[in-house]
Structure formats: structure tokens, C-alpha cells
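Chain residues, written in single-letter form:
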Amino acid sequence: MRIVDLRSDTVTLPTPEMREAMYRAEVGDDVYGEDPTVNRLEELAAERLGKDAALFVCSGTMGNLVSVLTHCGRGDEAIMGDLAHTFLFEAGGVSALGGVHTRTVRNLPDGSMDPAEIQAAIRPDNVHYPRSRLLCLENTHNRCGGAPLSPEQTASMCTVARDNDLSVHLDGARIFNAAVALEIAPKELTKDVDSVMFCLSKGLSAPIGSMICGSAEFIHEARRNRKIVGGGMRQAGIIAAAGIVALEQMVDRLEEDHANAHLLATGLAELPGIEIEPEDIRTDIVLFGLSPEVMPADQFQQKLNEAGIKILAIGDQSFRAVTHYGIKKEDIALALSKVKWLLGG
Ligand SMILES: *Cc1c(COP(=O)(O)O)cnc(C)c1O
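Rules used in this analysis
Residues numbered from 1 in each chain as written. Predicted model: local features only at pLDDT ≥ 70, side-chain atom pairs only at ≥ 80, totals over all residues. Heavy atoms only, no water. Helix = DSSP H or I, 4+ residues; strand = E, 2+ residues; numbered from the N terminus. Contact = heavy atoms within 4.5 Å. Axes fitted to C-alpha atoms, helices over the stretch in contact; angles between N-to-C directions. Parallel < 35°, antiparallel > 145°, perpendicular 65-115°, else oblique. Nonpolar A, V, L, I, M, F, W, Y, C, P; charged D, E, K, R; others polar. Pairing = 2+ DSSP bridges. Expected span 1.5 Å × (residues − 1). Buried < 20%, exposed > 50% of the residue type's maximum accessible area, 1.4 Å probe, protein only. Arc of directions from axis to C-beta. 1 Å grid on protein atoms, 1.4 Å probe; cavity = no way out; pocket = protein on both sides within 12 Å on 5 of 7 lines; lining within 4 Å. Points joined across faces, edges and corners; volume = space filled by probe spheres on them. Near = heavy atom within 4 Å. Polar contact = N/O pair within 3.5 Å; in protein donor to acceptor, adjacent residues only side chain to side chain. Areas by Shrake-Rupley, 256 points an atom, 1.4 Å probe, with all protein chains shown as cover. Domains from an automatic or database assignment. Buried area = accessible area lost by both parts, 1.4 Å probe. Phe/Tyr/Trp six-rings, centres within 6.5 Å; stacked < 30°, edge-to-face > 60°.

Side note on the environment of cysteine 213
Tracing the chain through its elements places cysteine 213 in strand 8 (residues 210-214). It is 6.0 Å that separates the C-alpha atoms of cysteine 213 and lysine 51, two residues lying 162 residues apart in sequence. Not counting residues up to four positions away in its chain, the partners in contact with cysteine 213 are Ala45, Ala46, Leu49, Lys51, Ala53, Ala54, Asp194, Ser195, Val196, Phe198 and Ile219.

Section: the packing of helix 8 (residues 175-182) against helix 12 (residues 254-269)
Between helix 8 and helix 12, the shortest axis-to-axis distance is 9 Å and the interhelical angle comes to 75°. Taken together, the axes of helix 8 and helix 12 are roughly perpendicular relative to one another. Of the residues in helix 12, those touching helix 8 at Phe176, Asn177, Val180 and Ala181 are Leu254, Glu255 and His258. Grouping the constituent residues of the contact of helix 8 with helix 12 by class yields 4 nonpolar, 2 polar and 1 charged.

A word on the sheet that holds strand 4 (residues 101-105)
An order of 2-8-7-6-5-3-4 is seen for the 7 strands of this open sheet, with the pairing classed as mixed. With one partner strand each, in any of the chains shown, strand 2 (53-57) and strand 4 form the two edges of the open sheet. Averaged over neighbouring strand pairs, the angle between their axes works out to 25° when direction is ignored. Two elements, strand 3 (residues 76-81) and strand 4, share 5 bridges in a ladder whose sense is parallel.

Re helix 10 (residues 216-228)
Its 13 residues place the ends of helix 10 19 Å apart at the C-alpha level, agreeing with the 18 Å of an ideal helix rising 1.5 Å per residue. Residues Phe218, Ile219, Ala222, Asn225 and Arg226 constitute the buried set of helix 10. Projected down its long axis, helix 10 carries its buried residues within an arc of 115°, all on one side. Opposite the buried face of helix 10, by more than 90 degrees, sit the exposed residues Glu217, His220, Arg224 and Ile228. Buried positions along helix 10 lie against helix 2 (36-48), strand 2, helix 3 (60-71), strand 7 (195-199) and strand 8.

Quick notes on empty space enclosed by the protein
Counted under the stated rule, the structure contains 5 cavities of 30 Å³ or more. The calculated volume of the largest cavity comes to roughly 60 Å³. Together, Leu6, Leu264, Leu268, Phe288, Leu304, Ile309, Ile311, Ala321, Ala335 and Val339 line the largest cavity. When residues of the lining of the largest cavity are traced back to their parent elements, those giving at least two are helix 12 and helix 14 (329-344). Residue classes in the lining of the largest cavity are distributed as 10 nonpolar, no polar and no charged.

A word on the sheet that holds strand 10 (residues 285-290)
Strands sit in the order 9-10-13-12 across an open sheet of 4 strands; the sheet is antiparallel. The open sheet has two edge strands, strand 9 (274-275) and strand 12 (312-315), and neither has a second partner. In the sheet, strand 9 pairs with strand 10 via 2 bridges, with the strands oriented antiparallel. Among the inter-strand pairings, isoleucine 274 is bridged to a residue of strand 10, identified as leucine 290. In the packing of helix 13 (residues 297-306) onto the sheet, contacts are made with strand 10, strand 12 and strand 13 (318-322), and the angle to strand 13 comes to roughly 30°.

Some details on the site of the ligand
Within the structure, the ligand sits among 14 residues, and Gly60, Thr61, Asp171, Arg174 and Lys202 are positioned closest to it. With respect to the ligand, the backbone of glycine 60 contributes an N or O atom lying 2.8 Å from an oxygen atom. Side-chain polar atom of arginine 174 to an oxygen atom of the ligand: 2.9 Å apart, as the coordinates give it. Taking 380 Å² as the accessible area of the ligand by itself, protein coverage stands at 86%. Sorting the residues of the shell around the ligand by element identifies helix 3 and strand 7 as the ones contributing at least two each. Element by element, the count of residues in the shell around the ligand is highest for helix 3, at 3 residues.

Quick word on the domain arrangement of the chain
Structurally, the chain comprises domain 1 (11-249) and domain 2 (253-342). Each of domain 1 and domain 2 has a C-alpha centre, and these two points are 28 Å apart. Taken together, the contacts link 22 residues of domain 1 with 14 residues of domain 2. Approximately 1,500 Å² of surface area, both sides summed, lies buried where domain 1 meets domain 2, with 59% of it carried by carbon and sulfur atoms.

What about the packing of aromatic side chains?
The geometry of an aromatic ring pair is captured by the separation of the ring centres together with the interplanar angle, meaning the angle of the planes. The full count for this structure, using the stated rule, is 4 aromatic pairs. Taking the centre distance of 5.1 Å and the plane angle of 80° together, the rings of phenylalanine 176 and phenylalanine 198 count as edge-to-face. In this pair, phenylalanine 176 is assigned in helix 8 and phenylalanine 198 in strand 7, connecting sequence segments 22 residues apart. The same class applies to phenylalanine 176 as to phenylalanine 198, namely buried. Seen in terms of ring centroids, phenylalanine 288 and phenylalanine 319 are 5.4 Å apart; in terms of plane orientation they differ by 25°. Their pairing is stacked. Within this pair, whereas phenylalanine 288 is found in strand 10, its partner phenylalanine 319 is found in strand 13, the two being separated by 31 residues in sequence. Judged by relative accessible area, phenylalanine 288 falls into the buried class, the value being 5%. Overall, phenylalanine 319 belongs to the buried group, its relative accessible area being 0%.

Below is the structure:
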């Protein structure tokens, strides 16, 4: 049976070109700055995102953690969306390891936050309050269905931060999906932020790794914080080699994932009991609801799974399906036919 795994774009397997590049990678000790392949990946990433420097880290979670540790001291406050990945899904790392206090502002359905609400969350200088130090944005926004933030939305949120002497970190795990969906260069989406993290191991299909990009000074400090969390790797060029292939060969094809996500969304919208607005689906993440009268969420997920279609139940009769390099147009047709069969019988 063909398995169609739509749980996440993290299930992507490395391409043959990545395997080849990994095999051939020239390596050295990266903690000494001597791995030429890591150095090349860091230069390439910085250049693509319009920053001075970059740092290779083990995961997106580590990238966000190291970035927040670099921006904030203990007791400082980081403002972020109430649906931010860093707030919901990173095990509270910024608090657990950094002593950083998080303050949430409501995420709007488009992944942004109201600049006036950000302004209202910023603390005045008062001995009772933590210091507001950092604003964290997310693009595309995972929990908001892969919504891409435009440069204008980004700028209006960053302006509030700037006016109040806060730094801005962008969780750009899927920033290339945003750039492809908006048909602009990724650096247009990062020009107003101080630091950005993006993942090589999601839609870009590399096996391991994420990048932090920022000023040379910021990355110098981040390198120390990466060491603190145990993320200093040695002959990391073996995995960085796949990251270079990811940036050079896997960005433009994200369009195919977005087209497949759109196909899935329009197909789902025609089925009874499914709640989805296909025009809200703009990148690779498809969120949809299922009416409780039709079937409880856990049963729907389990039956689909048994039929070879894997999706994630994300609570409250809601589901997530993500398209990626391992998913072809025929897989979408297959997934839709199985959902239809399940709802029909
Ligand atoms: C996946 C993800 C991360 C974390 O990346 P990992 O490599 O899984 O640790 C961070 N932010 C967002 C928005 C993500 O989707």
C-alpha cells in the first residue's frame, strides 16, 4: 500500500544529490571554524537572507533558543504571538535555559499581530516589570496555517519594536515558502529584523539543520550561546553539504508543494463535514476542521492512517496536512479519494 505521509514537511528524505554531496564533503573541525563546507553554507545562507553572517545549528528549536539567548538576559521579556511555535512547541526552552520571560500577544488569523497590541504589551521602565527586550515574529506562521507575512506586515510590527528599543527575531522556519508564495526575494522579508532562523530540514528536504542569520556581531555572540547549549559540532560539513544542496536546488520547487496544498484544500472543501477555506491555504500547510457529527477527530485520524494517509490531529476537531518533496500530485488524488471513502462510509 502506498503511504502518503502528510504529517509534516520534516519527513522529507534527502535527495540523491544531497547524499552525493555528503559523501564528497570536504570537512574540518567547525568549532575551530575550520570546516570549509559549513563555512560555505553559512556564507550562502547569510547572502540569501541579506545578513552579514550566519550560524549552522542542529535544529530550528536550537536556532530560536540560541537567538533568544543572544538577544535577552535573564529576567528580560520576549514578546511573541500566543500561537508562536517558540511559545507553544519548544518545551519552554527560553524560560528553562535562558530565564527569559515570555509575554504573548494575540495572533491574528493571518499570522501577524496588531501593532497596537504589541505597543500595549511593551513595559514602561518600572522596577516592578521585566524589561521588554525582544519581539519575535513567525513567517510562515505554522499554527496560522502556513500564512506568509508580507514585507509590509513585517515592517509595521518591526516599527513598534524599533520605536521602543526592542530587537526583533524572526522564526522563519519556512521563510522560503513565504518568499516563493509572495514571489519575492527572501531578503525582502528579513530586512527589518535583527535575526532570523530558518530550517533546512523541512520543505528544503535536508536531513538535519537550521541556520541563524544576523549581523557579524550578533552571530559572534550566538556562536558562544550555541556552544553553551552543546550545539558546537565538529565535522559538521557532512550535514552542511546537504544544506547547500537544499538552498541551491530545493527552493524553487516549493511552488509545487504549494500547488499540491491548494489542490488538497479545494478537494477537501467539496466534501461534506469538512471545514476549510481553500483561499486561506497559501503555502504547504493545510489546516481543516471536521464536524463532530461526522466522526470524532481521533477516529478520523486513525482510520485514515490505516488506509495509508497520515495526517496530524491538532485538537478541537482540527487537522493538519503538509505537502512536501515526497508528495506528488497523484498522492493528493489518492488522499482525497480515501477521505471521501471514509466520510461516505
Ligand atoms: C518546525 C518549526 C520550528 C522548530 O524546528 P525543529 O527543527 O523541528 O526544531 C520552529 N519554528 C517553526 C515555525 C516551525 O515550524
